[in-house]
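The lines below spell out each chain.
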Amino acid sequence: MFRFALFFATVVTGLAAALVVPLTAQAAPGDFDAPGTPCGTNMVINTRYDCVTIGSFCTLSDGMIIGTIGRDGRCVLPGTNM
């Protein structure tokens, strides 16, 4: 009985995670000129053409945080924004 309950909880959690609205909004082609274009209050288009908040984290493909999003829409690495 415990295995079924664990399986059911896992399936429900996975389904809920798949249906959650993404945290970033995808910009439509033609809605931007280049990375750094404003797309909302305190938000810019980044180099992946997502509308993100300035100062949010940018990560590598494995999820490792490497810096923050600058006003130009690019990742600012610590110590290189001089």
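Structure shown above.
Residues numbered from 1 in each chain as written. Predicted model: local features only at pLDDT ≥ 70, side-chain atom pairs only at ≥ 80, totals over all residues. Heavy atoms only, no water.

K.L.:
How would you explain the side chain of Asn-46 if you had to name every residue and give the values?
P.N.:
With respect to the helices, strands and loops of the structure, Asn-46 is situated in the loop between strand S3 (43–45) and strand S4 (50–53). We classify Asn-46 as buried; its relative accessible area is 9%. Within the local environment of Asn-46, its side chain forms a polar contact with the backbone nitrogen of Arg-48, the two atoms lying 3.1 Å apart. Here Asp-50 takes part through its backbone nitrogen, which lies 2.8 Å from a polar atom of the side chain of Asn-46. Residues in contact with Asn-46, not counting those within four places in the same chain, are Pro-35, Val-52, Ile-69 and Gly-73. (Helix = DSSP H or I, 4+ residues; strand = E, 2+ residues; numbered from the N terminus. Buried < 20%, exposed > 50% of the residue type's maximum accessible area, 1.4 Å probe, protein only. Polar contact = N/O pair within 3.5 Å; in protein donor to acceptor, adjacent residues only side chain to side chain. Contact = heavy atoms within 4.5 Å.)

K.L.:
Just give me the short version of a nonpolar patch on the surface, but keep the residues and values in it.
P.N.:
On the surface, a cluster of nonpolar side chains totalling about 530 Å² of accessible area is made up of Phe-4, Phe-7, Phe-8, Val-11 and Val-12. A relative accessible area of 54% places Phe-7 in the exposed class. (Patch = residues over 30% accessible without salt bridge, like charges linked within 9 Å, V, L, I, M, F, W, Y side chains within 5 Å. Areas by Shrake-Rupley, 256 points an atom, 1.4 Å probe, with all protein chains shown as cover. Salt bridge = Lys/Arg side-chain N within 4 Å of Asp/Glu carboxyl O.)

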